[in-house]
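Descriptive analysis of the structure
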Amino acid sequence: MIEPPLADERIGLFNFLPFMRLLVRLSLLLLLPLATNPPMRAADSLVRYEASHQAMGTVFTVAAYGSDSAYLEEVTHEVFQVIDQLDDQMSNYKPTSELSSINRDAAAHPVIVEPGLFKLLQDSLQYSRDSGGDFDITVGPLMKAWGFFRGQGRLPSKEELAEALKRIGYQHITLNPATRTISFDEPGIEIDLGAIAKGYAVDQAVQVLRDNGITQALVSSGTSSIYALGSPPGADGWKISVRDPLDVNKAVCVVKLRNLSLSVSGDYEKFFKINGKTYAHIMDPHTGMPVENMLSTVVVSPSATDSDALSTSFFVEGPGRAGKYLRRHPNLTAVFFLPAPSGHAFRRITLKSSVTDLPPSSLVTIDCQ
Amino acid sequence: MGNKRRVTRRDFVKAAAVAAVAGGAKPVLGAPAILSGPNPGSTVHYGFIGTGTEGCNLLRHLTTIPEGRCIATCDIYPPNLKKGVETIGSNPQTYTGSPFEYRKMLERKDLDAVLIATPLNLHAQMVIDSLNAGKHVFVEKTMYFKEEEGGLIQKAAQANPKQVLQIGLQRRSSILYNVAMQMVHKGALGKVMFVRAQWHRNNSWRRPVRDPKFERLINWRMYREYSGGLMAELASHQVDIANWAFGSEPISVMGTGGIDYWKDGREVCDNIEVIFEYPEGRKMLYSSILYNAHFQYNEQIMGDQGTLIITIGKGMYYREAAAKVTNGKAKENWWAGATVTEHAVQKGIPLFPDGTEGGKQGFLDRELLYAKRWLASMGIYEYEEPHDPYWSELSNFMASIRDGKPIACPMEIGMADARAVIYGNRAIDTGTRVFWPKKEA
């Protein structure tokens, strides 16, 4: 009855691509997680359970090892319930969500916020301050002006762009920790958590797994973020292939992870072409224009919330300014894929935090071609 | 039965200790609460009993309702107690250790209200004790477990008429559902004769349990000592919709069910199939299963002129293909081309726009949106569900206490719902058609 783990544990993210058209976020990636040659001996007493669930406009996948498949199923179901709750809370598509309520009312009066979301908003503003506004949760109006919300991409007029830019900027948001309230300083401000909520959901999912005693699992939010909890049987980490930014069928790096998360932002998932020019969905909040001169960024961090936000932030910043961030913040690894002058290949730059003090239970190795 | 139930759940269950979730004892009498009558502008101080999964879901919504403040929580299972305290974040005093510890909480004079989200078999005693202690009460559906408990709660409520007693059927607080019911009651569907509803899942409906001794405590829904199964936990929401649409309780119920797929030691059915009969031949056909999730959950309300398919967050209206009768002298005047009725008949019309209207960014669109919201804020016009119905029902509860707002889901609705659950389960258990008692004239 016990099925041994598959020799090649590709979690079929390619299969989820049809669902991706719903995806509205600032950072995207395509990951191919694989377990490392699981020896049959170690897996004999273990069962592997994998299930997927649609939420937040993407597909979340959990793959977990344990001794009891029924138990794994129950825990995974709990994980998906928690993710659904977060979707109901943080969606900017659902009018019933807490986020929609904030966007509706926070310009008129302070709105009280659930503690978990309040902390996430505080973190978001911190990312904005740390990046000088390169990461910004108020880019919603810009995404809409460019047609990335419920629609086809389009080139906005100068007037539309100027109008959208007026309503962008994290400085428009005030958080009051004493009352746990949020307010906007003018109407028309809109929060979009697309660049951080899925990472946060992955972290919450991992917490549910840990709380239920699961020590070997992988959680992914579609092609966005992934967390490697422990390692699969017989391996010292989860192997994750990162796609070539120019070729969907090619892996460009293989990352081995343990108790760490990885996120990728890429210009290849959501974009449109006008007059032969490609416009991708990651916006520079300062100019209101899609970021050019970056193909994709990969960030490894102990937290998926962190890696999700930073992969977008670094995509906008490029290795120069991102490097400054890495000097001040520990335990991060970032890989940048930049267009090469020839246009046929890319340049790769890998940067690490100046300080690394990860516990021995964590592991990251990056092997690129 | 698939082969995924590899582990012998039955053995696991056998090993499980009987959890200490028994009810029954003498009611306590506490001092009247501060807010026995409406007091606009005040803060409702409440205690929360049962901070498990559903309790924490409610607490999460309560964190954004400033009209109330949680000053106490109560749970006998330490991890849930901890989770509840973390979720609400207001540093409440905790009551734990014994199933009757909540009575100590009820003695507090600074407590205005109590919210109850415990296993079903505990509801009645906790509601009665709380009412008699002078507290306003919100209790999760199903309102009570055993038939005789309804009258006891009613008696306690009648003895404390100034206190709010609200039942947690959150669809009653949904604007979408209220609009749907206006359509039903104002004739948009014509003569409504039939409701079909289902709640289908494809999972065991069990919660993970690490230590077998907590099995019955955590998975209380699986055991008849505490639970009315799918009928009480899922169907209760939807039978209430049929009651609401038909404006009546059922008069009889027949049904079947069984433990046919998840043979894991559970005592409640993993599938129920039930027909409720209402006055004038109207009927509700209901199913809940745990081995296919394709149809998920919704209610389909059918009249001779239209159909509503509704669930939390989405409602669609479909017209019946209409026939028109006029006198025989009408002038024939036919036009060729697409008809508008095809859309209304086949594709349906959403009750509210699907999602926000954020895709449109023109000046007029934005102004129109603000105008709609302004009208909606005054209750003149409804065009969207502005909050999660869980949030709305809890906000309504606070408003009923503070401001004297009508109770969104009062006791009578909860009692009618509980009767349907109890008789529905009786019909399944006995294999007979169960009739509602004749009402006294």
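1. Things to note about the packing of helix α2 (residues 69–90) of chain A against helix α7 (residues 197–211) of chain A
Residues and elements named next belong to chain A. Relative to each other, α2 and α7 sit at 150 degrees, their axes nearing to 9 Å. It follows that α2 is roughly antiparallel to α7 by the angle criterion. Here α2 runs over α7; the crossing is right-handed. Taking contact as the criterion, the partners of V75, E78, V79, V82, I83, L86 and M90 in α2 are, on α7, A197, Y200, A201, Q204, A205, V208 and L209. Partitioning the contact of α2 with α7 into residue classes produces 12 nonpolar, one polar and one charged.

2. Quick word on a nonpolar patch on the surface
Residues W374(B), M378(B), I380(B) and Y381(B) make up a contiguous nonpolar surface patch of roughly 460 Å² in combined accessible area. Here W374(B) lies in helix α11 (residues 363–377).

3. Focus: the state of the cysteines
Within this structure, the stated rule accounts for one disulfide over all chains. The side chain of C253(A) participates in a disulfide bridge whose partner is C368(A); the two sulfur atoms lie 2.0 Å from each other. Disulfide C253(A)-C368(A): torsion about the S-S bond near 100 degrees, hence right-handed. Of this pair, C253(A) sits in strand β10 (residues 247–258) while C368(A) sits in strand β17 (residues 363–368), placing them 115 residues apart in sequence. Classification of C253(A) by relative accessible area gives buried; the value is 3%. Cysteine C70(B) is unpaired, with the sulfur of C56(B) as its nearest cysteine sulfur at 10 Å. Free of any disulfide, C74(B) has its nearest cysteine sulfur in C70(B), 11 Å distant.

4. So, the domain arrangement of chain A
All names here are of chain A. On domain assignment, one finds that chain A holds domain 1 (19–88 + 196–368) and domain 2 (98–184). On the domain 2 side, the residues contacting the 33 residues of domain 1 number 23 residues. Surface buried jointly by domain 1 and domain 2 totals about 2400 Å² across both partners, of which 72% is contributed by carbon and sulfur atoms. Ionic pairing is found between R321 and D134, a salt bridge with its closest N-O pair at 2.6 Å. Seen at the junction of domain 1 and domain 2, the total is seven residue pairs in polar contact (both at pLDDT 80 or more).

5. Describing the nonpolar core
Judged by nonpolar contacts, the single largest core of 89 residues is most densely connected at M143(B), L165(B), I272(B), F276(B), M284(B), I301(B) and L308(B). Setting aside anything within four residues of it in sequence, one finds L308(B) in contact with A180(B), M183(B), V184(B), L189(B), E299(B), Q300(B), I301(B), M316(B), Y317(B) and L351(B). The next biggest cluster of nonpolar side chains, apart from the first, holds 69 residues, and it includes L117(A), I173(A), L175(A) and A334(A).

6. Some details on the pairing of strand β10 (residues 283–289) of chain B
All names here are of chain B. Within β10, five of the seven residues are buried, which leaves the element mostly enclosed by the surrounding structure. The pairing of strand β7 (residues 192–200) with β10 spans seven bridges and is classified as parallel. Opposite F194, over in β10, you have K283 as the bridge partner. Counting the residues in the hairpin turn of strand β9 (residues 271–277) and β10 gives five residues, including E280, whose phi is positive at 65 degrees.

7. Things to note about helix α13 (residues 411–430) of chain B
Since the α-helix turns once every 3.6 residues, residues separated by three or four places project in the same direction. All names here are of chain B. Between its first and last C-alpha atoms α13 spans 28 Å; for 20 residues at 1.5 Å apiece the expected length is 28 Å, and the two agree. Across the 20 residues of α13, 15 count as buried, placing the element largely inside the fold. Within two residues after α13, G431 carries a phi angle of roughly 70 degrees, on the positive side.

8. Digging into the packing of aromatic side chains
Per the counting criterion, the structure on display carries 13 aromatic pairs over all chains. An angle of 15 degrees between the planes, with centres 4.3 Å apart, marks the rings of W199(B) and Y297(B) as stacked. Of this pair, W199(B) sits in strand β7 while Y297(B) sits in strand β11 (residues 297–303), placing them 98 residues apart in sequence. By way of ring pairs, the aromatic residues F314(A), Y325(A) and F336(A) are connected into one cluster.

Calculation criteria
- Residues numbered from 1 in each chain as written.
- Chains lettered and ligands numbered in written order.
- Predicted model: local features only at pLDDT ≥ 70, side-chain atom pairs only at ≥ 80, totals over all residues.
- Heavy atoms only, no water.
- Axes fitted to C-alpha atoms, helices over the stretch in contact; angles between N-to-C directions.
- Helix = DSSP H or I, 4+ residues; strand = E, 2+ residues; numbered from the N terminus.
- Parallel < 35°, antiparallel > 145°, perpendicular 65-115°, else oblique.
- Left-handed = near helix turned anticlockwise from the far one by under 90°.
- Contact = heavy atoms within 4.5 Å.
- Nonpolar A, V, L, I, M, F, W, Y, C, P; charged D, E, K, R; others polar.
- Patch = residues over 30% accessible without salt bridge, like charges linked within 9 Å, V, L, I, M, F, W, Y side chains within 5 Å.
- Areas by Shrake-Rupley, 256 points an atom, 1.4 Å probe, with all protein chains shown as cover.
- Salt bridge = Lys/Arg side-chain N within 4 Å of Asp/Glu carboxyl O.
- Disulfide = S-S within 2.5 Å.
- Buried < 20%, exposed > 50% of the residue type's maximum accessible area, 1.4 Å probe, protein only.
- Domains from an automatic or database assignment.
- Buried area = accessible area lost by both parts, 1.4 Å probe.
- Polar contact = N/O pair within 3.5 Å; in protein donor to acceptor, adjacent residues only side chain to side chain.
- Core = buried A, V, L, I, M, F, W, Y, C linked by side-chain atoms within 4.5 Å.
- Pairing = 2+ DSSP bridges.
- Expected span 1.5 Å × (residues − 1).
- Phe/Tyr/Trp six-rings, centres within 6.5 Å; stacked < 30°, edge-to-face > 60°.

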